[in-house]
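Secondary and tertiary structure notes
Each chain is listed here by its residues.
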Amino acid sequence: MEVIVRRPDGLLAARIDAAGVDAWTARLPEPAARRLATLVSRLRSPPRSFAGLDLTEPRVMGIINTTPDSFSDAGKALDPDDAMAQGEAMRDAGAAILDVGGESTRPGAEPVDWRVETRRVLPVITHLAGTGGLVSVDSRKADVMRAAIAAGAAIVNDVSALTHDPRSMDVVAGAGVPVILMHALGDPRTMQDAPSYDHVSLDIHDYLEQRIAACVEAGIARRNIAIDPGIGFGKTQAHNMTLLGHLALFHALGCPILLGASRKRFIGRITGEERPARRLGGSIAAALAGVAAGVQLLRVHDVADTVQAVRIWSGMAEPVST
């Protein structure tokens with residue numbers, strides 16, 4: 001186990017045998033000892049469910065973009081019938097959650113009026129929820145969230161961690177639905193303009209910890225909160241790779257972790273593949289890195305291939321009888 005402490009003169013890191021961490025903690029002064037004990041307790045008791053899903057094995061969330069300008073599949077599911085068919089196919093392929101969004105949040109994207117966004121997502125959510133799907137609405141706007149929940153959405157997935165719209169916290173708390181809080185550095189229009197951090201992993205950990213606390217204070221049950229470090233949202237290539245290597249850090253928040261790395265630009269920069277739809281191999285590699293770090297939820301475009309990869313990966317960890 002690695003313990004990292006912020007100090008005025010920089011970071012202090014220490015590696016501790018996990019079996020001896022309690023004795024090591026007992027020698028620390030308060031409140032450091034209490035703080036470390038809380039973090040270790042969360043590491044030892046990871047959440048085992050979210051939105052009614054058993055998290056003892058990784059779960060896949062399928063992406064359904066009802067937008068004309070998403071970075072990966074612009075316009076592919078803009079027609080409601082196409083989006084419904086896509087969602088049904090993802091569910092049949094093993095997606096545990098169907099994530100429906102009507103506003104692109106790719107770098108440089110312009111905001112969409114909430115009425116337009118609602119018109120895009122509502123028919124799809126109504127159909128998929130009505131046919132037994134566990135649906136999340138990918139939105140930053142309280143009005144869209146409220147309409148989507150009324151139509152059957154069981155989860156809110158907000159890239160702004162309920163900060164974009166000051167009413168969104170009350171909507172989620174009032175509805176009692178689970179929420180996914182993602183970190184993004186600024187607005188989609190400007191988030192890739194020279195993003196900077198003191199320590200990207202610790203900064204995002206601390207931000208998400210603050211957002212969790214704000215949600216709990218507002219009446220959202222901690223068991224209804226999942227977190228997403230926000231790969232690609234206000235991060236450089238180096239930031240993204242560092243976060244992928246430090247995913248285990250976020251277990252100390254005590255909430256399920258969602259990883260959304262599918263088809264993203266960092267994969268293209270490493271592989272030289274400019275077409276997002278041709279980044280399947282890199283997307284699966286990132287997903288399995290997440291599984292190895294204990295990530296519980298994987299948000300992906302290619303559901304069938306990811307489900308297959310995760311099943312094989314999980315099967316390799318099980319005892320084999322000969």
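See the structure printed just above.
First, a word on scope: everything that follows refers to the structure included in this document. (Residues numbered from 1 in each chain as written. Predicted model: local features only at pLDDT ≥ 70, side-chain atom pairs only at ≥ 80, totals over all residues. Heavy atoms only, no water.)

Let us now look at the overall build of the chain. Looking only at helices and strands, the chain has 11 helices and 12 strands in total. Taken over the C-alpha trace, the chain has a radius of gyration of 20 Å; the compact-globule value for 322 residues is 20 Å, and the two agree within 12%. Judged by the C-alpha coordinates and their principal axes, the chain covers about 60 × 55 × 40 Å. Out of the 322 residues in the chain, the part that is buried amounts to 50%. Looking at the chain alone, contacts between residues at least 24 apart form 67% of all its contacts between residues at least 6 apart. For the chain, the exposed area adds up to about 14,700 Å²; of that, 53% sits on carbon and sulfur atoms. Averaging the positions of the 34 positive and the 37 negative side-chain charges in the chain gives two centres separated by 2 Å. (Helix = DSSP H or I, 4+ residues; strand = E, 2+ residues; numbered from the N terminus. Rg over C-alpha atoms; globule rule 2.2 N^0.38 Å. Buried < 20%, exposed > 50% of the residue type's maximum accessible area, 1.4 Å probe, protein only. Contact = heavy atoms within 4.5 Å. Areas by Shrake-Rupley, 256 points an atom, 1.4 Å probe, with all protein chains shown as cover. Lys, Arg positive; Asp, Glu negative; His and termini not counted. Charge placed at Lys NZ, Arg CZ, Asp CG, Glu CD.)

The next thing to look at is the packing of helix α4 (residues 114–130) against helix α5 (residues 142–151). In contact at an axis separation of 9 Å, α4 and α5 are set at 20° when each is read in the N-to-C sense. In terms of orientation, α4 lies roughly parallel with respect to α5. As α4 runs across α5, the sense of the crossing is right-handed. Of the residues in α5, those in contact with Trp 114, Glu 117, Thr 118, Val 121, Leu 122, Ile 125, Thr 126 and Ala 129 of α4 are Asp 143, Val 144, Ala 147, Ala 148 and Ala 151. Of the residues that constitute the contact of α4 with α5, the class distribution is nine nonpolar, two polar and two charged. (Axes fitted to C-alpha atoms, helices over the stretch in contact; angles between N-to-C directions. Parallel < 35°, antiparallel > 145°, perpendicular 65-115°, else oblique. Left-handed = near helix turned anticlockwise from the far one by under 90°. Nonpolar A, V, L, I, M, F, W, Y, C, P; charged D, E, K, R; others polar.)

What follows covers the packing of α5 against helix α6 (residues 168–175). Two elements in contact, α5 and α6, have axes whose closest approach is 8 Å; the angle formed by their N-to-C orientations is 20°. Classified by the angle their axes make, α5 and α6 are roughly parallel. Relative to α6, α5 is oriented so that their crossing is right-handed. In this structure, α5 contributes Ala 142, Met 145, Arg 146 and Ile 149 to the contact, and α6 contributes Ser 168, Val 171, Val 172 and Ala 175. Tallied by class, the residues present in the contact of α5 with α6 amount to six nonpolar, one polar and one charged.

Before going further, it helps to examine the environment of Thr 66. If you trace the backbone, Thr 66 turns up in the loop between β5 (59–65) and α3 (80–93). Each C-alpha atom, one on Thr 66 and one on Met 84, is 9.9 Å from the other, the two residues being 18 residues apart in sequence.

Another point: the pattern of salt bridges. Scanning the entire structure with this criterion turns up 19 salt bridges. The closest approach of N and O atoms between Glu 103 and Arg 140, which form a salt bridge, is 3.1 Å. You can see Glu 103 sitting in the loop between β6 (97–101) and α4 and its partner Arg 140 sitting in the loop between β7 (135–138) and α5, a full 37 residues away along the chain. In this structure Arg 140 comes out as buried when scored by relative accessible area, which is 6%. Several salt bridges converge on common partners, so that one network encompasses Glu 103, Glu 117, Arg 140, Lys 141 and Asp 187. (Salt bridge = Lys/Arg side-chain N within 4 Å of Asp/Glu carboxyl O.)

Quick look at the nonpolar core now. Generally speaking, soluble globular proteins have nonpolar side chains that are buried together. Within the largest apolar cluster, 63 residues are counted, with the highest numbers of intra-cluster contacts made by Ile 125, Leu 162, Ile 225 and Ile 227. Looking at this core element by element, the count peaks at six residues for α5. Beyond its immediate chain neighbours, meaning those up to four positions away, Leu 162 contacts Met 145, Ser 168, Met 169, Val 172, Val 179, Leu 181, Arg 211, Cys 215 and Ile 220. Ranked by size, the runner-up nonpolar core spans 11 residues in total, among them Met 61, Ala 96, Ile 97 and Ala 226. (Core = buried A, V, L, I, M, F, W, Y, C linked by side-chain atoms within 4.5 Å.)

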